[in-house]
Amino acid sequence: MGLRGQRVVVLGGTSGIGLAVAEGAAAEGAEVVVASRRQENVDAALKRLPQDARGEVLDTTDEAAVRAFFERLGAFDHLVYTAGETLLLESVAETGLARAQRFLDTRLWGAYAAVKYGAGSVREGGSVVLTTGTAGHRPLPGSSVVSALCGAMEALTRALAVELAPVRVNVVAPGLVRTELWRELPEAEREGLYATSATSLPVGRVGEPADVAEAYLYLMRGGYSTGSVVVVDGGGTLA
């Protein structure tokens, strides 16, 4: 049931939840490959991972680059997709369509390209784990683009689980987590968000990347799970 001796590929695996997944898989004895858009992020992640870890620069919005990446990579056991830029939280009136499309390019179409070109290299018993969020379950004002993404990722996961079987395909829906996604907020505003949210969550705190990484590790190990949406939000959808 563990990941020892398996090969785990994490696109977006150089920071936040993705890096926590890579660290967790490596701690269980997996060989880890991480990819990110920026070389400095790859270099920093490799300093935190075991010596046998591999890192590459990859723009998941570049279809040709994604195809070439998987052609070079060869066979592996699990594909994890956590790549994404800062959350787009604006009203419909304020949001430019081009910006909304760019947001979806990485999070939705990047994931689609990764599965398109990577699924054929997944070994028997392997899986794909994608990433969504909880905005589709409990949207707030200004979350139209994010909510649309979340709904699309859940539907895509179910469709891929059917189409790609016996490769298992699942998706994790994190709630509020302390990651770089909130880096554009001023520090005082960001910490205020965390503090306020913690008081409303049943668990009494905001999530950390390692909290959410456990769901990805479970879905990689769990050979009887496919088409599943695993919510890890500290009870946020109940609050």
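In case you missed it, the structure is sitting above this.
Here is what the cut-offs are and how they apply
Residues numbered from 1 in each chain as written. Predicted model: local features only at pLDDT ≥ 70, side-chain atom pairs only at ≥ 80, totals over all residues. Heavy atoms only, no water. Helix = DSSP H or I, 4+ residues; strand = E, 2+ residues; numbered from the N terminus. Contact = heavy atoms within 4.5 Å. Buried < 20%, exposed > 50% of the residue type's maximum accessible area, 1.4 Å probe, protein only. Pairing = 2+ DSSP bridges. Phe/Tyr/Trp six-rings, centres within 6.5 Å; stacked < 30°, edge-to-face > 60°. Lys NZ or Arg CZ within 6 Å of the ring centre and 35° of its normal. Arc of directions from axis to C-beta.

Participant: Quick one: what's the story with the side chain of S36, residue by residue and with numbers?
Facilitator: Turning to its location among the elements, S36 is positioned in strand β2 (residues 31–36). Not counting residues up to four positions away in its chain, the partners in contact with S36 are T14, N41, V42, E56, V57 and L58.

Participant: Can you break down the pairing of strand β6 (residues 168–174) residue by residue, with the values?
Facilitator: Counting buried residues along β6, seven of its seven residues qualify, which places the element largely inside the surrounding structure. Judged by which residues are buried, β6 turns out to be covered on both faces: R168, N170, V172 and P174 on one side and V169, V171 and A173 on the other are all buried. Where strand β5 (residues 122–131) lies against β6, five bridges are found, and the strand directions are parallel. Directly across from V128, in β6, lies its bridge partner V169. Here four bridges tie β6 to strand β7 (residues 229–232), and the two strands are oriented parallel to one another. Residue V172 lies in a different strand from β7, and its bridge partner there is V230.

Participant: Residues and numbers for the packing of aromatic side chains, please.
Facilitator: A full pass over the atoms with the stated rule returns three aromatic pairs. For the ring pair F70 and F76, a centre distance of 6.0 Å and an interplane angle of 35° mean the geometry is tilted. In this pair, the class of F70 matches that of F76, namely buried. With a centroid separation of 5.6 Å and 65° between ring planes, the pair formed by W109 and Y112 is classed as edge-to-face. Of this pair, W109 and Y112 both sit in helix α4 (residues 97–118), three residues apart, roughly one helical turn. What links up through ring pairs into an aromatic cluster is the set F69, F70 and F76. Above the plane of the ring of Y117 lies K116, whose end atom (NZ or CZ) is 5.4 Å from the centre.

Participant: Go over helix α3 (residues 63–73) with me, naming the residues and quoting the values.
Facilitator: Within α3 the residues assigned to the buried category are V66, F69, F70 and L73. What you see down the axis of α3 is that its buried residues fit within an arc of 90°, all on one side. Looking at the buried positions of α3, the neighbouring elements they touch are β1 (7–11), β2, β3 (54–57), β4 (76–81) and α4. Backbone geometry just after α3 places G74 at a positive phi near 80°.

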